[in-house]
Amino acid sequence: MKKRAVFFCLASFCFVVVLLSANQEIESEPQVGKRLFEKLDISSQSEVVSIEPEGKMVDQAEGDRANNDPIAKAMAQMALVHERTFEYPSYSEPISDPDSPYLNWNQFIEVAIPILNGEFIASLNMEKYRYFYSEPIKLELKTNADFIHATLDAVSVSTQEVLGSYLSDKGQWQVYPDRGWPEEVRFIARLDSEQGSDIVSADIRIYKSIAQLVSVGQSFAVGPDMIVPITIKIDEAGIYRVRANLYNVDGRPIATLVQKKRLAVGEQIVELKAFKAVLPSGVSDLELRHFMIERMSGFPGQRAGYGNSGSGHYQVGSFDSDSLTDEPYQPSIQEQQQAAFLRSLL
């Protein structure tokens, strides 16, 4: 998913650049024999090829062109970023950025807004963005204005129906959603102060759990991959995407692991895989965190569904990455075609 999104962004950018170039009547240059991905030979055959290291990608003529043309230089740099995603399989991508969205996929983003004619600010804060109906929702009104009391309304985003109202003199609430509530809910807090009244709101999602994480097995080696079996109880059949983040037990994130599989009702096993290149060398004590169990949309108009995995840390045992084979990752045919298309636009 991540690689596909990056590719479409790059392709769209390149298309816009081509249009701008045409409007500015930029003269086209002769075809250069070698392109950015000079070792990436895509033909009608289904061969899997490796990608040449970065240092051999651009010949002198292409380099001069990129240095003299800012547009070409930007395109070449973006193409290089896209190519680097081929170093790891999509099912096992390293986490090197401490702000990676994979580390906080269910984060609620608090937004402060001006209130009372801009003299003060206020925000409505919650612990996370997605909830299940068995969970209480804790809310807090944060503001630098002195208020006498505050009320909270839960409102259906689609129908504007008021689902419940709650009063507080401290701006804190704990709400237990009813199973009849819709998926999209907006909380609207109204504060009353000596300066007047104003409101602040925030939206969340509330799901009926359609799957449950049962257990996480011990890791074992198969070829270049560390395998971790995950047992899930499925209430609604469909194509599921299961994601979890791999950590050292000391809390350092290593990689995000994802697998898609069609699952029937009942207890099913999904195997998450960690590619050798993302793992620490030698023996490490590892665990999985931040599970996301998603039943993907099966047809237009069908909403995705989610399963409840809790918020625990799941030990996968002590694993020796030296027990894995050293096979390099081979880009799929689709990834090769994406790179070839990108190359043709340069």
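Provided above is the structure to which this section pertains.
**A few points about the packing of aromatic side chains**
Right, on to step 1. Within the structure shown, the criterion is met by four aromatic pairs.
Right, on to step 2. Residues Phe132 and Tyr207 carry aromatic rings whose centres are separated by 6.4 Å and whose planes lie at 50 degrees to one another, so their mutual orientation is tilted. Residue Phe132 is found in strand β4 (residues 130-132), and its partner Tyr207 is found in strand β10 (residues 196-207); the two are separated by 75 residues along the sequence. Tyr207 matches Phe132 in its accessibility class, with the two residues each being buried.
Right, on to step 3. Seen from their ring centres, Phe291 and Tyr314 are 5.5 Å apart, and the 90 degrees between their planes marks the pair as edge-to-face. Pair noted here: Phe291 is in strand β17 (residues 283-295) and Tyr314 is in strand β19 (residues 314-320), with a separation of 23 residues, a long-range link.
Right, on to step 4. A relative accessible area of 23% places Tyr314 in the partly exposed class.
Right, on to step 5. In this structure an aromatic cluster arises from ring pairing among Phe132, Tyr207 and Tyr306.
Right, on to step 6. One cation-aromatic arrangement involves Lys128 over Tyr131; the distance from NZ or CZ to the ring centre is 5.3 Å.
Right, on to step 7. In this structure, Lys273 packs its charged tip against the face of Tyr91, placed 4.3 Å from the ring centre.

**Side note on the sheet that holds strand β8 (residues 172-175)**
Right, on to step 1. Taken in spatial order, the four strands make up an open sheet running β2-β3-β5-β8, and their pairing is antiparallel. Each edge of the open sheet is held by one strand with a lone partner, namely β2 (113-115) and β8. The mean inter-strand angle of the sheet, taken between neighbouring strand axes irrespective of direction, is 30 degrees.
Right, on to step 2. Taken together, the three bridges between β2 and strand β3 (residues 120-126) define a ladder with antiparallel strand orientation. Paired with Ile113 across the strands is Ala122, a residue of β3.

**Remarks on the nonpolar core**
Right, on to step 1. Of all hydrophobic cores here, the largest spans 29 residues; its most connected members are Ile230, Ile232, Leu246, Leu279, Leu288 and Phe291.
Right, on to step 2. When contributions to this core are tallied by element, the ones reaching two or more residues are β11 (211-216), β13 (225-234), β14 (238-248), β15 (253-263), β16 (266-275), β17 and β19.
Right, on to step 3. Sequence-distant contacts of Phe291, that is, excluding residues within four places in its chain, are made with Trp105, Leu213, Val216, Ile230, Val242, Arg243, Ala244, Leu272, Ser309 and Tyr314.

**Considering the pairing of β14**
Right, on to step 1. Where burial is concerned, most of β14 is hidden: ten out of the eleven residues are buried.
Right, on to step 2. Counted along the chain from β14 to the antiparallel partner β15, the turn is four residues long, and its residue Gly251 has a positive phi close to 100 degrees.

**What about the sheet that holds β10?**
Right, on to step 1. Overall, mixed pairing links the five strands, which are arranged β4-β10-β9-β6-β7 in an open sheet. Unpaired on one side and paired on the other, β4 and β7 (162-168) mark the two borders of the sheet. Between one strand axis and the next, the sheet turns through 30 degrees on average, direction left out of account.
Right, on to step 2. Bridge count for strand β6 (residues 149-156) against β7 is six bridges, and the pairing is antiparallel. When the sheet's bridge partners are listed, Thr151 is paired in β7 with Leu167.

What counts, and where the lines are drawn
- Residues numbered from 1 in each chain as written.
- Predicted model: local features only at pLDDT ≥ 70, side-chain atom pairs only at ≥ 80, totals over all residues.
- Heavy atoms only, no water.
- Phe/Tyr/Trp six-rings, centres within 6.5 Å; stacked < 30°, edge-to-face > 60°.
- Helix = DSSP H or I, 4+ residues; strand = E, 2+ residues; numbered from the N terminus.
- Buried < 20%, exposed > 50% of the residue type's maximum accessible area, 1.4 Å probe, protein only.
- Lys NZ or Arg CZ within 6 Å of the ring centre and 35° of its normal.
- Pairing = 2+ DSSP bridges.
- Axes fitted to C-alpha atoms, helices over the stretch in contact; angles between N-to-C directions.
- Core = buried A, V, L, I, M, F, W, Y, C linked by side-chain atoms within 4.5 Å.
- Contact = heavy atoms within 4.5 Å.

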